[in-house]
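In case you want the letters, here they are:
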Amino acid sequence: MATGPRYFVPFRRRKDGKTDYYKRMGLLVADAPRMVVRKTNRQIIVQLVVPEMIGDKTLVAAYSSELARYGYEGSTSSTPAAYLTGMLFAAKAQNAGYEKAILDIGLHRAKPGARVFAALKGAVDAGLLVPYGESILPEEERLKGAHIAEYAPERAGDLVENVEKVADAIKKELA
């Protein structure tokens, strides 16, 4: 290991590849809470987080595994699941009294049409105020699952109708 007066040991979370501290500082100085979107191999997680001195505090959370309660029958890690999880998150956030947020995708790659941006589109469609650019959002047919139904019709079944039905059920929760 290098030693000397000019050697700097990086922060552990930076060394592990978990945190970009430069980007995090920009998000923390903002006035609004962060809409944190994380994707795993099995589900999509959307949280409303505010920073505190002892650590970040999660105010509201929505998981794609919760979509089964609304009648969703597809994969919980797909683009339509991310869209519906964003809608569910926005409904929960608005019911808790939060109206705006700033998107935090962490170390996920910011590729146009990615699942993290499908969650953003769901939250915006449900009425949460989040700044974004139109060019980054997925196409409407991908949000509804038409690409999955076209690729694997025997496995997808009536996914497009199911997504629309679940979206309507989540919107009723807003009222």
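Quantities reported herein were computed from a predicted structural model and do not represent experimental measurements.

Caption draft 1: Representation of the pattern of salt bridges in the model. Tallied over the entire structure, the rule returns six salt bridges. The salt bridge partner of Arg34 is Asp56, with a shortest N-O separation of 3.1 Å. You can see Arg34 sitting in strand β1 (residues 34–39) and its partner Asp56 sitting in the loop between β2 (44–50) and β3 (57–63), a full 22 residues away along the chain. The class of Arg34 is buried, set by a relative accessible area of 5%. In this structure, the salt-bridge partner of Glu66 is Lys92, at a minimum N-O distance of 2.6 Å. Pair noted here: Glu66 is in the loop between β3 and α3 (79–95) and Lys92 is in helix α3, with a separation of 26 residues, a long-range link.

Caption draft 2: The arrangement of the layout of surface pockets in detail. There is about 260 Å³ of room inside the second largest pocket. The wall of the second largest pocket is formed by 13 residues, among which Ser75, Ile148, Arg155, Ala156 and Leu159 lie closest to the centre. Those elements giving two or more residues to the lining of the second largest pocket turn out to be α6 (146–151), α7 (153–156) and α8 (159–174). By residue class, the composition of the lining of the second largest pocket is six nonpolar, four polar and three charged.

Caption draft 3: Region of the structure containing the sheet that holds β2. Taken together, four strands build an open sheet; the order of strands is β3-β2-β1-β4 and the sheet is mixed. At either margin of the open sheet sits one strand with a lone partner, and together these are β3 and β4 (102–104). Pairwise comparison of adjacent strand axes, ignoring direction, gives a mean angle of 25 degrees for this sheet. As judged from the three bridges shared by β1 and β4, these two strands associate in the parallel manner. If you follow Met35 over to β4, its bridge partner there is Leu103. In the packing of α3 onto the sheet, the strands contacted are β1, β2 and β3, and the crossing angle to β3 comes to about 135 degrees. Here helix α4 (residues 115–125) sits on the sheet and contacts β1, β2 and β4; the angle it forms with β1, its principal contact strand, is near 140 degrees.

Caption draft 4: Molecular detail of the nonpolar core. With 42 residues, the main nonpolar core has Met35, Leu84, Phe89 and Leu128 as its most contacted residues. When contributions to this core are tallied by element, the ones reaching two or more residues are β1, β2, β3, α3, α4 and α8. If one sorts the elements of this core by residue count, α3 sits on top with 10 residues. When neighbours within four sequence positions are excluded, Leu128 is seen to be in contact with Met35, Phe89, Ala90, Ala93, Gln94, Tyr98, Glu99, Lys100, Ala101 and Ala123.

Caption draft 5: A look at a negative patch on the surface. On the surface, a cluster of negative charge is contributed by Glu73, Asp158, Glu161, Glu164 and Asp168. Residue position: Glu161 is located in helix α8.

Caption draft 6: Expanded view of the environment of Leu28. Mapped onto the secondary structure, Leu28 falls in helix α2 (residues 21–28). Sequence-wise, Leu28 and Ile102 are 74 residues apart; in three dimensions their C-alpha atoms are separated by 10.0 Å. Sequence-distant contacts of Leu28, defined by excluding residues within four places in its chain, comprise Arg34 and Pro51.

Reading the values: the criteria
Residues numbered from 1 in each chain as written. Predicted model: local features only at pLDDT ≥ 70, side-chain atom pairs only at ≥ 80, totals over all residues. Heavy atoms only, no water. Salt bridge = Lys/Arg side-chain N within 4 Å of Asp/Glu carboxyl O. Helix = DSSP H or I, 4+ residues; strand = E, 2+ residues; numbered from the N terminus. Buried < 20%, exposed > 50% of the residue type's maximum accessible area, 1.4 Å probe, protein only. 1 Å grid on protein atoms, 1.4 Å probe; cavity = no way out; pocket = protein on both sides within 12 Å on 5 of 7 lines; lining within 4 Å. Points joined across faces, edges and corners; volume = space filled by probe spheres on them. Nonpolar A, V, L, I, M, F, W, Y, C, P; charged D, E, K, R; others polar. Pairing = 2+ DSSP bridges. Axes fitted to C-alpha atoms, helices over the stretch in contact; angles between N-to-C directions. Contact = heavy atoms within 4.5 Å. Core = buried A, V, L, I, M, F, W, Y, C linked by side-chain atoms within 4.5 Å. Patch = residues over 30% accessible without salt bridge, like charges linked within 9 Å, V, L, I, M, F, W, Y side chains within 5 Å. Areas by Shrake-Rupley, 256 points an atom, 1.4 Å probe, with all protein chains shown as cover. Lys, Arg positive; Asp, Glu negative; His and termini not counted. Charge placed at Lys NZ, Arg CZ, Asp CG, Glu CD.

Treat this as a map of the structure, not an account of what it does.
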